[in-house]
Amino acid sequence: MMKDRDLIQGNLQQAYFQITSNLSHLSYEESLHNMIKAIKQVLHLKWVGVYHYLRSTNSYHIQLMDPSNEINVLNQLPLNAISNDNQFGKCIIDRSSVFYLKLKDRNFSKVLVCFKAFQIDPTILAIVQSESQRLIMQLDQYYPHQINYPFLYDLSICIFTMKRKSSILNEVIDAIREIYPTHSLHLLLAHDTEVDYNFSVKSMAYTDDSTNGFGSKAFMTEEVQIEKRKGGAGEKLYVPLTGRQGVYGVIQLISKSCDVFAKSDVDFITHIAQTAGKAIENASLLENANLLIADLKLINEVTHQLNSNLNLTDITEFVRKKIKEVCRASEIGFIFQRSDGSYADVLTASTAYFKKEENQSLVDKLLKDIVHPTFYGKFEYIPTFPYHSLMIIPLRQDIHTYGHVVIMHEASYFFSFEVFKLLQSLIQHCSLALANAILKEELEKAVITDYLTKLYSRNYLEKVVINQMKTARMGSLILFDIDDFKRINDTYGHHVGDEVLKQVADVIMRFSEQDAIPSRWGGEELAIYTPNLSIDDAVQIAAGIREQVEERTNPTVTLSCGVSSWSEDFDDSVSELFIRADKALYEAKHRGKNSVVKRVKDR
């Protein structure tokens, strides 16, 4: 048995020596053909072939086989048919068990020799594998370009079908690592190249220091750079990832101790980098196209929704929801400008921060003099301000700025500039709808409010009470009459009388709960309707308003107050409710004024 092994090894060595002695007269494929013939003759086999691993399909494809083979073979072997652990083993081809040997060329493309036999001694397989691997490495050194170009072609097919930059870079890095397993490999990326990665990445520095100077030069000049390491400890190779429209990063390959990069290595890595750069560029263009399509869909959806005759609250809540989806902001504010130039009119769709009274001065300071869209990656101009990423986008109608949308997050550099540009476009499309909704609300409010006091009109209050009596459980009405108001007009003039009316109206509005309807009843008479409030609770409100009016008006005036109520437990009508309140007010006047009187329904 030992003699058989020695004989096989000697015969293989002799055949392989003949191959290497004639490399100048043979092509790479011819040399591989001779290797196949030698294995077939030495082992007395009927079938020998070479399969080549392709990244693009993640499987083995037939590369070469002896033309005299008498057996039909598969053109492709699935990856899972070949063991990853052993250098040789068995697999099934054409329903037959065959032996295979793994042989790696310089590109680690896993050349595979397969042959069919009933049984082969594992020690003989080891001899064939060892001698054949040695021959493959010699062929690699003699035919570097013939090895490289098929690999580059396969790599190109693989990465040009990928849609994500991360996938492309991971595939390229894995390929280079397989070819140069003893070298250190890093990727220097520009700050604006955002990828997910599972390899060593350094940010590109644009300074010419000892660490990143060569990488920066390769990036900016688009030319390969070689840095000699100190003490002859090898070289650092910097190869730019170059596309048609720019450079996307730099591959840094560091040789092992004392090694230098041959020209063939530099050319090979350069081809890989250029291929990867073009693939990354294609993926970037596809990503940008998809983003533009998504942005257009978003703007179209928003525009369609805004054309549905929504009111101001619905519009702002819808826009806030879309902004949140786009950028995951912590706080979003819709701040409208008052006639005096301040920005304290915060819409209800704004998030909590903008609704707190203690934050109003900061908001005013933040929005001061901002007339153009403004982007902050790290806002530090107001020391006490808790948010560092800010986008402030004015709401404009023609040349007039009527408000701002403020978008904030606690973290620095949380929003991208692309998101900022998208939101500018989105809010620009919303501006006209918001302006129209504001105008519509102002017109509607003008119809149902008193011009002087800004309280609701009596007609509107009556409509509310009529509807309330159909749906609610109870409600109370308070009538106010300014005592001796004629004396104020006669003494100070009607313009002062108007100011007193407005002062009293301001007090009434401050005491009005969210659902209450403060209104001007007529002349110097004012009113509040309070849904779902008992008569005793309404009396307390009236008493509080009476006290505050006496303290806050100038010149000082007092109020007489009449309170009535209704309940679903008793038959009642709007007119009876108003009559009872009026009678209570009349009684308060005759009791000496500046008092509160209630009148309940007779049982």
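As shown above, the structure is provided for reference.
Residues numbered from 1 in each chain as written. Predicted model: local features only at pLDDT ≥ 70, side-chain atom pairs only at ≥ 80, totals over all residues. Heavy atoms only, no water.

### Considerations on the pairing of strand 19 (residues 525–531)
For step 1, the next point in the chain: With six of seven residues buried, strand 19 lies mostly within the body of the structure.
For step 2, the next point in the chain: Here strand 17 (residues 474–482) runs beside strand 19; their pairing, made up of seven bridges, is antiparallel. Across the sheet, residue aspartate 481 finds its bridge partner in strand 19, namely glutamate 525.
For step 3, the next point in the chain: Pairing geometry for strand 18 (residues 517–522) and strand 19, over five bridges, is antiparallel. Note on strand 19: the bridge partner recorded for serine 519 is alanine 527.
For step 4, the next point in the chain: Counting the residues that bridge the hairpin from strand 18 to strand 19 gives two residues, and of these glycine 523 lies at a positive phi of roughly 60°. (Buried < 20%, exposed > 50% of the residue type's maximum accessible area, 1.4 Å probe, protein only. Helix = DSSP H or I, 4+ residues; strand = E, 2+ residues; numbered from the N terminus. Pairing = 2+ DSSP bridges.)

### Observations regarding the pattern of salt bridges
For step 1, the next point in the chain: Under the defined criterion, the tally for this structure stands at 19 salt bridges.
For step 2, the next point in the chain: With a shortest N-O distance of 2.8 Å, lysine 263 and aspartate 267 are connected by a salt bridge. Remark: aspartate 267 and lysine 263 occur in helix 7 (residues 263–306); sequence separation between them is four residues, near one turn of the helix.
For step 3, the next point in the chain: The exposure class of lysine 263 is exposed, given its relative accessible area of 64%.
For step 4, the next point in the chain: A salt bridge links arginine 591 to glutamate 587; its shortest N-O distance comes to 2.6 Å.
For step 5, the next point in the chain: Using a relative accessible area of 57% as the deciding quantity, one classes arginine 591 as exposed.
For step 6, the next point in the chain: Taking the relative accessible area as the measure of exposure, glutamate 587 reaches 25% and is therefore partly exposed.
For step 7, the next point in the chain: Via salt bridges that share partners, Asp481, Asp483 and Lys589 belong to a single interconnected network. (Salt bridge = Lys/Arg side-chain N within 4 Å of Asp/Glu carboxyl O.)

### Considerations on the sheet that holds strand 14 (residues 374–376)
For step 1, the next point in the chain: The sheet built from five strands is open, its strands ordered 13-12-16-15-14 with antiparallel pairing. Edge positions in the sheet fall to strand 13 (345–346) and strand 14, since each of these pairs with one other strand and no more.
For step 2, the next point in the chain: Both strand 12 (residues 331–336) and strand 13 contribute to a ladder of two bridges, which runs antiparallel. The partner of isoleucine 335 across the bridge, within strand 13, is valine 346.
For step 3, the next point in the chain: Contacting strand 12, strand 15 (389–397) and strand 16 (400–409), helix 8 (residues 312–327) runs over the sheet at an angle of about 145° to strand 12. (Contact = heavy atoms within 4.5 Å. Axes fitted to C-alpha atoms, helices over the stretch in contact; angles between N-to-C directions.)

### Some points on helix 14 (residues 494–511)
For step 1, the next point in the chain: Here helix 14 is 18 residues long and its end C-alpha atoms lie 26 Å apart, about the 26 Å a rise of 1.5 Å per residue gives.
For step 2, the next point in the chain: For helix 14, the elements touching its buried residues are strand 17, helix 13 (485–492), strand 18, strand 19, helix 15 (535–552) and strand 20 (559–567). (Expected span 1.5 Å × (residues − 1).)

### Re the packing of helix 14 against helix 15
For step 1, the next point in the chain: As a packed pair, helix 14 and helix 15 sit with axes 10 Å apart at the nearest point and diverge in direction by 140°. When the axes of helix 14 and helix 15 are compared, the crossing they make is right-handed. Where helix 14 approaches helix 15, its residues Gln503, Val504, Val507, Ile508, Arg510 and Phe511 are matched on the opposing element by Ile541, Gly544, Ile545, Gln548, Val549 and Arg552. (Left-handed = near helix turned anticlockwise from the far one by under 90°.)

### With respect to the packing of aromatic side chains
For step 1, the next point in the chain: Scanning the model with the defined rule gives 16 aromatic pairs in all.
For step 2, the next point in the chain: Between the aromatic rings of phenylalanine 214 and tyrosine 238, the centroid separation amounts to 6.1 Å while the plane-to-plane angle is 15°, which identifies the pairing as stacked. You can see phenylalanine 214 sitting in helix 6 (residues 213–221) and its partner tyrosine 238 sitting in strand 10 (residues 235–242), a full 24 residues away along the chain.
For step 3, the next point in the chain: Given a relative accessible area of 1%, tyrosine 238 falls into the buried group.
For step 4, the next point in the chain: For the pair tyrosine 376 and tyrosine 381, a centre-to-centre distance of 5.8 Å together with 65° between the ring planes defines the contact as edge-to-face.
For step 5, the next point in the chain: The exposure class of tyrosine 381 is exposed, given its relative accessible area of 64%.
For step 6, the next point in the chain: Aromatic rings pair up to connect Tyr353, Phe354, Tyr376, Phe379, Tyr381, Phe385 and Tyr387 into one cluster.
For step 7, the next point in the chain: The positively charged end of arginine 458 is found above the aromatic ring belonging to tryptophan 521, 3.8 Å away from the centroid. (Phe/Tyr/Trp six-rings, centres within 6.5 Å; stacked < 30°, edge-to-face > 60°. Lys NZ or Arg CZ within 6 Å of the ring centre and 35° of its normal.)

### Thoughts on the nonpolar core
For step 1, the next point in the chain: Counting 32 residues, the largest nonpolar core has Met35, Ile39, Val113 and Phe115 as its most contacted members.
For step 2, the next point in the chain: Within the residue set of this core, elements represented by two or more residues are helix 1 (2–21), helix 2 (28–43), strand 1 (48–54), strand 5 (96–103), strand 6 (111–115) and helix 3 (122–142).
For step 3, the next point in the chain: It is helix 2 that contributes the most residues to this core, eight residues altogether.
For step 4, the next point in the chain: Residues within four places of valine 113 in sequence aside, it is in contact with Met35, Ile39, Val48, Gly49, Val50, Phe99, Tyr100, Leu101 and Leu103. (Core = buried A, V, L, I, M, F, W, Y, C linked by side-chain atoms within 4.5 Å.)

### So, the packing of helix 12 (residues 458–471) against helix 16 (residues 574–590)
For step 1, the next point in the chain: Contact geometry for helix 12 and helix 16: axes closest at 10 Å, N-to-C directions at 120°. Our classification of the angle between helix 12 and helix 16 gives oblique. The hand of the helix 12/helix 16 crossing is right-handed. Contacts between helix 12 and helix 16 involve Leu461, Glu462, Val465, Ile466 and Met469 on the former and, on the latter, Val574, Leu577 and Phe578.
For step 2, the next point in the chain: Classifying every residue of the contact of helix 12 with helix 16 gives seven nonpolar, no polar and one charged. (Parallel < 35°, antiparallel > 145°, perpendicular 65-115°, else oblique. Nonpolar A, V, L, I, M, F, W, Y, C, P; charged D, E, K, R; others polar.)

### Looking at the environment of threonine 270
For step 1, the next point in the chain: You can see threonine 270 is positioned in helix 7.
For step 2, the next point in the chain: In sequence terms threonine 270 and proline 240 are 30 residues apart; their C-alpha atoms lie 7.8 Å from each other.
For step 3, the next point in the chain: Sequence-distant contacts of threonine 270, defined by excluding residues within four places in its chain, comprise Val224 and Val239.
For step 4, the next point in the chain: Within the local environment of threonine 270, its side chain forms a polar contact with the backbone oxygen of valine 266, the two atoms lying 2.6 Å apart. (Polar contact = N/O pair within 3.5 Å; in protein donor to acceptor, adjacent residues only side chain to side chain.)

### Re the environment of lysine 322
For step 1, the next point in the chain: For lysine 322, the location among the structural elements is in helix 8.
For step 2, the next point in the chain: Once the C-alpha coordinates of lysine 322 and glutamate 301 are considered, the two residues, 21 residues apart in sequence, prove to be 10.0 Å apart.
For step 3, the next point in the chain: Here lysine 322 is in contact with Leu298, Glu301, Val302 and Leu426, once residues within four sequence places are set aside.

### What about the sheet that holds strand 21 (residues 596–598)?
For step 1, the next point in the chain: The strand order 18-19-17-20-21 describes an open sheet built from five strands, whose pairing is mixed. Each edge of the open sheet carries a strand with a single partner, namely strand 18 and strand 21. Between one strand axis and the next, the sheet turns by 20° as a mean value, whatever way the strands run.
For step 2, the next point in the chain: Contacting strand 17, strand 19, strand 20 and strand 21, helix 15 runs over the sheet at an angle of about 160° to strand 20.
For step 3, the next point in the chain: Sheet strands in contact with helix 16 are strand 17, strand 18, strand 19, strand 20 and strand 21, and its direction is about 150° off that of strand 20.

### A word on the side chain of glutamate 331
For step 1, the next point in the chain: Mapped onto the secondary structure, glutamate 331 falls in strand 12.
For step 2, the next point in the chain: Despite being buried, glutamate 331 has no salt bridge partner; lysine 356 is the closest side chain of opposite charge, sitting 6.9 Å away.
For step 3, the next point in the chain: In this structure the side chain of glutamate 331 is engaged in a polar contact, spanning 2.5 Å, whose partner is the side chain of threonine 351.
For step 4, the next point in the chain: Among the polar contacts listed, one links the side chain of glutamate 331 to the side chain of tyrosine 387, at a separation of 3.3 Å.
For step 5, the next point in the chain: When near neighbours in sequence (up to four residues on either side) are disregarded, glutamate 331 contacts Thr351, Ala352, Tyr353, Phe354, Tyr387, Val406, Ile407 and Met408. (Lys, Arg positive; Asp, Glu negative; His and termini not counted.)

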